Amino acid sequence: MNDTPSVPPAGDRPDDTSRYAHPVFPPSGPPAPAAPPPTGTVTEKRPRRGAFAASVVAASLLVGGAAGVGGAAAWTSWHPADGTTSSSSSAPTSSQVVDTPSSSSNESVEQVAQQVLPSVVKIEVSGPQESGSGSGIILSSDGQILTNNHVVEIAGSSGSITVSFNDGSSAKAKVLGTDPLTDTAVIQAEGVDGLTPATIGKSGDLAVGQSVVAIGSPFGLESTVTSGIVSALNRPVDVGSDGQGNSTVYPAVQTDAAINPGNSGGPLVDLHGHVVGINSSIQTSSSSATEQGGSIGLGFAIPIDEVMPIVQQMIKGETPTHARLGISVSDVRSNSDVSEGAQVQEVTSGSTADNAGLSSGDVITKVNDEPITGADSLVATIRSFRPGDDVTVTYDHNGATKTVKLALDSDANTSNS
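Since we're looking at a predicted model, the values are computed, not measured.

Novice: Whenever I open this one, the overall build of the chain confuses me. Can you help?
Specialist: Helix and strand counts for the chain come out as five helices and 24 strands. Of the contacts formed within the chain by residues at least 6 apart in sequence, a portion of 69% connects residues at least 24 apart. Counting only carbon and sulfur atoms, one obtains 48% of the accessible surface of the chain, whose full area is about 16700 Å².

Novice: Whenever I open this one, the side chain of Thr182 confuses me. Can you help?
Specialist: Among the secondary structure elements, Thr182 is positioned in the loop between strand 8 (170-179) and strand 9 (184-189). Given the relative accessible area of 8%, Thr182 is considered buried. There is a polar contact of 2.5 Å between the side chain of Thr182 and the side chain of Asp179. Excluding its chain neighbours within four sequence positions, the residues that come into contact with Thr182 are Thr248, Ile302, Val307, Ile310 and His322.

Novice: Teacher, can you tell me more about the nonpolar core here?
Specialist: Soluble, globular proteins show a tendency: their nonpolar side chains are buried together. One finds Leu146, Tyr250, Val275, Ile278, Ile304 and Val311 to be the most contacted residues of the largest nonpolar core, which totals 28 residues. The biggest single contributor to this core is helix 3 (residues 304-315), with six residues. Core analysis: the second largest hydrophobic core is formed by 21 residues, Ala353, Ile364, Tyr395 and Val404 among them.

Novice: What is the right way to read unusual backbone geometry from this model?
Specialist: Trans is the common state for peptide bonds, and a negative phi is the common state for residues other than glycine. Even without glycine at this site, Asp183 takes up a positive phi of about 55°. Here Asp183 is to be found in the loop between strand 8 and strand 9. On the basis of relative accessibility, which here comes to 2%, the residue Asp183 falls in the buried class. The backbone of Ser223 sits at a positive phi, close to 60°, despite the residue not being glycine. Assignment of secondary structure puts Ser223 in the loop between strand 11 (211-216) and strand 12 (224-241). By relative accessible area, which is 33% here, Ser223 ends up partly exposed.

Novice: Honestly, the environment of Val363 in this entry has me stumped. Any pointers?
Specialist: Structurally, Val363 can be placed in strand 20 (residues 363-367). You can call Val363 buried: its relative accessible area is 1%. Not counting the four nearest positions on each side in its chain, Val363 is found in contact with Val332, Ser336, Val338, Glu340, Gly341, Ala342, Gln343, Thr394, Tyr395 and Asp396.

Novice: Any chance you could explain the environment of Val125 here in plain terms?
Specialist: Relative to the elements of secondary structure, Val125 occurs in strand 4 (residues 120-126). Classification of Val125 by relative accessible area gives buried; the value is 1%. Each C-alpha atom, one on Val125 and one on Thr162, is 6.5 Å from the other, the two residues being 37 residues apart in sequence.

Here is what the cut-offs are and how they apply
Residues numbered from 1 in each chain as written. Predicted model: local features only at pLDDT ≥ 70, side-chain atom pairs only at ≥ 80, totals over all residues. Heavy atoms only, no water. Helix = DSSP H or I, 4+ residues; strand = E, 2+ residues; numbered from the N terminus. Contact = heavy atoms within 4.5 Å. Areas by Shrake-Rupley, 256 points an atom, 1.4 Å probe, with all protein chains shown as cover. Buried < 20%, exposed > 50% of the residue type's maximum accessible area, 1.4 Å probe, protein only. Polar contact = N/O pair within 3.5 Å; in protein donor to acceptor, adjacent residues only side chain to side chain. Core = buried A, V, L, I, M, F, W, Y, C linked by side-chain atoms within 4.5 Å.

What is shown is where atoms sit, not what they do.
So, in structure tokens, the structure goes:
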């Protein structure tokens, strides 16, 4: 069992071929589409090219309801010229993780752009049925690059990945590791050296209203810089399922900095030039299955603190692990004693939740000091921790409020999280 909604989210795709191809509309959107084709049918017979931002988030998602997503693919015929790889004799260096300076920053967006642009790449991916472009963050001088899983997954086992650097050079790349549950991936650019690694900051230091800068390749336009503020923190964003019953849900940094298709995998940075998030999702006002929506000031980034341990696992060739409670949950039912929270549907025998005494029907309302508003909220919050972390869970049991402290399980030996 996993810590995910027990009922498939509204708008969930019938198959992986449409995962990033069609936006999911707000509740007042168009009529339901025709029934999906039989399993195994190829719905797109000609190659397609898109610029990917992980998802278009439905409005209902933001009030705690489970919601599916579709793609923010956008057509473009723009192709960059091929270049040659850069080289240097210097020893490889890697990104440093730094604390946010205690003093206020006087840096401007211009200064931040000059500092960070050399550490951001455009990624072009070609697969058997489609192709697309996204962005990435340089982690090491010899070409380790962080991006979104959904950017590179279309390459499959037979496709190709090309990375374009800020200086105009380019290189082929291979996948080092992927993690669909956090929508992250690490790739290795081949035959390069002397690159400029990004400086990794602390997303935990962010505050609502703080200025941030997004950098990437929206609609294929590489080295694009946009700026805005942190609009909200810990926003539960559900970008679909990995096909094994596990939802890709994360506690997003919401920003009004313009994020568009193609920004996926690029950095969200603070005014010190430190990476605090991975731009991954957008909400759109598009109401047509053929219309590709752009930024309306509602963009979402994966907080960097939550994924860096997973990134290190991928770099080492390890299988990423995630924290879990060992329960299946849904949004609160109407007959519950509380109005919002994550209602337990099933508890895995022997799990940390089982040992702590949680049972079917209980409603989890808080993890540590973080309020839980629904199923996605709980999954996102648990995913922000690591296996073995101690957390305090507050829940309603037959009208009585209870609190229990427990150590989170790991999904290392399970297929679900």
